[in-house]
Amino acid sequence: MAHTDQHQCHVLCRSCDLVVQKRALPSPVRALCPRCGTALYDTPYCSINGMLALCIAALIMFFPANLLPVLEIHFLGSIRNTTAFQAAIAVGDQGYWVVGVAVAISAVIAPLLLLSSILAQVCIAKFALHLELGKKTLRMLLKQQGLLSQLTMLEIYVLSFLVSAFQLSDFADVHMGMGTFCFTMLFLLLLFLQREYNLEHMWGLLDDN
Ligand SMILES: [Zn+2]
């Protein structure tokens, strides 16, 4: 990252230490150091319609991902399956309720809140940015954004069930069904959504209006 000073109007080139005045750039343009050509900064940009599509797709995946079993284990004639939320409750039932709560928050609750929040932000940006209530709501959502994205840890959950499936496959039949597919898709959609999302750009929308 190029260093920016407190007033955000100068950047320091990280290669040659030249101080460059920051200027507003048109959309897909990147500012380069005039002395050595190092990339200094981009315009914060996110595609509102792209985010809307990713958000809706992720919300469609969210419900089957959480209602259908992510793993089905056939062991000595007995069949066990579990959804993300049941897994959290099962961990809690065994006395590890802190872990259970952490799983429920990071794999179920936070992703849903994050998706709803981004969907609301996108809708406000598209339709209600001229309204005072829209701006107020957007400001409130943006303040919570950092916390929600830190709490969302679907990747850990996806990794953990893949690892357990791999370990269990030696002595039990492990089936991955529609739930596994939906959960993995949800994880990928959220990954792309968070890549597309740019907090600085969203704050910028508020300042411009
Ligand atoms: Zn330079």
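Structure's up top.
Residues numbered from 1 in each chain as written. Predicted model: local features only at pLDDT ≥ 70, side-chain atom pairs only at ≥ 80, totals over all residues. Heavy atoms only, no water.

A word on helix α4 (residues 132-151). For α4, built from 20 residues, the straight-helix expectation of 28 Å at 1.5 Å per residue is met to within 8% by its first-to-last C-alpha distance of 29 Å. The largest bend in α4 comes to about 40°, at Q145. Taken together, the buried positions of α4 are occupied by G134, K135, L138, L141, L142, Q145 and L148. (Helix = DSSP H or I, 4+ residues; strand = E, 2+ residues; numbered from the N terminus. Expected span 1.5 Å × (residues − 1). Bend = angle between axes of the 7 residues up to and from the residue. Buried < 20%, exposed > 50% of the residue type's maximum accessible area, 1.4 Å probe, protein only.)

Moving on, we come to the coordination of the zinc ion. Distances from the zinc ion to its protein donors, C13 (SG), C16 (SG), C33 (SG) and C36 (SG), fall within 2.2 to 2.4 Å. Coordination at the zinc ion is tetrahedral, judged from the four donor atoms that bind it and the angles of 104 to 116° they form at the metal. Donor residues for the zinc ion sit on one chain with the sequence pattern C-x2-C-x16-C-x2-C. Note that C13 is positioned in the loop between β2 (10-12) and β3 (19-21) and C36 in the loop between β4 (30-32) and β5 (39-42), a separation of 23 residues in sequence. (Donors = N, O, S within 2.8 Å, 3.2 Å for Na, K, Ca; no water. Tetrahedral: all angles 85-135°; square planar, octahedral: opposite > 155°, others 65-115°.)

With respect to the helices, strands and loops of the structure, Y197 is situated in the loop between α6 (178-196) and α7 (199-208). Residues Y197 and M51, 146 residues apart in the sequence, show an inter-C-alpha distance of 7.2 Å. Among all residues touching Y197, those that are not within four sequence positions of it are C46, M51, I118, Q121, L142, Q145 and M202. Polar contacts involving the side chain of Y197 include one to the side chain of Q121, which spans 2.5 Å. (Contact = heavy atoms within 4.5 Å. Polar contact = N/O pair within 3.5 Å; in protein donor to acceptor, adjacent residues only side chain to side chain.)

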